[in-house]
Amino acid sequence: MHSYSGEHRFTLKDSGPTISAVGIEEQKNVVDPPSLIVQDFTLIKAQPCNPIRVYKTVHCDGLLLCVMDNQLLVRNPLLKETTWIKCGSDFHELDDAYSLGYLSHCDYRILRFRCASNSINRPSRVEVCEVAPKTWKVIDSISFDWFLSVPLSILSLRGTSYCIGLREDHRAFVQSYDFYKERFQPIDDLPFSYDEMNPIALEIYKGDRLSVLEQCHKTRKICIWVKHWLMLTSWTKLVVVDIPEFPLIYPRLTLLSTNYYFDKNNRLVITCNDTDMKGLSIIRVINDKEFQVIKANEGECRFPYLCSYVPSVVRIPGFSKQDTSRIRWRKRRFN
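What counts, and where the lines are drawn
Residues numbered from 1 in each chain as written. Predicted model: local features only at pLDDT ≥ 70, side-chain atom pairs only at ≥ 80, totals over all residues. Heavy atoms only, no water. Buried < 20%, exposed > 50% of the residue type's maximum accessible area, 1.4 Å probe, protein only. Helix = DSSP H or I, 4+ residues; strand = E, 2+ residues; numbered from the N terminus. Pairing = 2+ DSSP bridges. Salt bridge = Lys/Arg side-chain N within 4 Å of Asp/Glu carboxyl O.

In terms of residue burial, strand β6 (residues 63-68) counts as a mostly covered element, since 6 of its 6 residues are buried. With burial as the criterion, each face of β6 is covered, one bearing Leu 63, Leu 65 and Val 67 and the other bearing Leu 64, Cys 66 and Met 68. Relative to β6, strand β5 (residues 56-60) runs antiparallel, the two sharing 5 bridges. By the bridge assignment, Cys 60 is partnered in β6 with Leu 63. Hairpin connection, β5 to β6: the antiparallel pair is bridged by 2 residues, and Asp 61 has positive phi, about 55°. Where β6 meets strand β7 (residues 71-76), 5 bridges bridge the pair, whose relative direction is antiparallel. In the sheet register, Met 68 faces β7, and the bridge partner there is Gln 71. Taking the residues that link successive antiparallel strands as the turn, the β6-β7 hairpin has 2 residues, and the phi of Asn 70 there is positive, at about 60°.

Turning to the pattern of salt bridges, a few remarks are in order. Under the definition given, this model contains 14 salt bridges. For Arg 112, the salt bridge goes to Asp 96, with nearest N and O atoms at 3.1 Å. Taken together, the residues span a long stretch of sequence, with Arg 112 in strand β10 (residues 107-114) and Asp 96 in the loop between β8 (81-86) and β9 (97-104) at a distance of 16 residues. For the pair shown, Arg 112 and Asp 96 are each scored as buried. Between Arg 114 and Asp 96 there is a salt bridge; the shortest N-O distance is 2.9 Å. Of this pair, Arg 114 sits in strand β10 while Asp 96 sits in the loop between β8 and β9; the two residues are 18 residues apart in sequence, bridging distant segments of the chain. Of the two residues, Arg 114 and Asp 96, both sit in the buried class. In this structure, a network of salt bridges that share partners links the residues Asp 96, Arg 112, Arg 114, Arg 125 and Glu 127.

By themselves these figures say nothing about function.
So, in structure tokens, the structure goes:
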């Protein structure tokens, strides 16, 4: 209900400070490959004028949470609103997971947690921050008998955070975090047997359903299941793509995630890294035998960490113009 345009965008994070926003521009003839519109969304400090290094980005309702050294930035790129939040010094780029959610649209919250099984000599920890007052709370009553899958698949649906977790016997399941009850809660096992060699991803389908994708690394076959976030229903198989020439959507044992969605013509669109890890490919399934690959130039986006979102007019609680004045957007448009 907060969607501004209904069109997906991807934020791309490379190995340096560069952040890009990528949109897909459709052609009049639906069978023609679309073109990419790439905008430079790198954050620049106003004083001194230096790029800000962002380690990862997550989203919720068009708001982006940018993770940096010892501080966070919540931003709406469409409205150009931002708010800065300080966090503790015990930060690790790979160990700590983040999610943005809410109790209400006036009460957005940030989840920051670490599973001990994902870390070497670093204890488990869960913290929650209220965005408007910028206050942190340590949640002491949580213990972990699971760990996060790699690559990380974390998203927010209707204000609740969801991720793919693994138990000690390596059974995969969907885990949620309830901001009201301040606890993790398992939702359901994944509808397939987990294989660390097979790419998997978690996404939102049509705004009210969880969706999970698995690709067989041998046959390249892709299956997508959906499940309603509230109803106690089982997973339903939605799509099967069985094209032997289909690319592997990410290399084995990588830390990089993938994203996918269905466009306005109900075609599956998947983003993935090139095999040489130097660029971005967007794959669009045309029918049960054909697919298109749209590549972004290496100079436009390289070695990307992906996050997909839909621009919206959601306002940031506690937004102040003073926060926004501390940075500026370095925006260039590539055609």
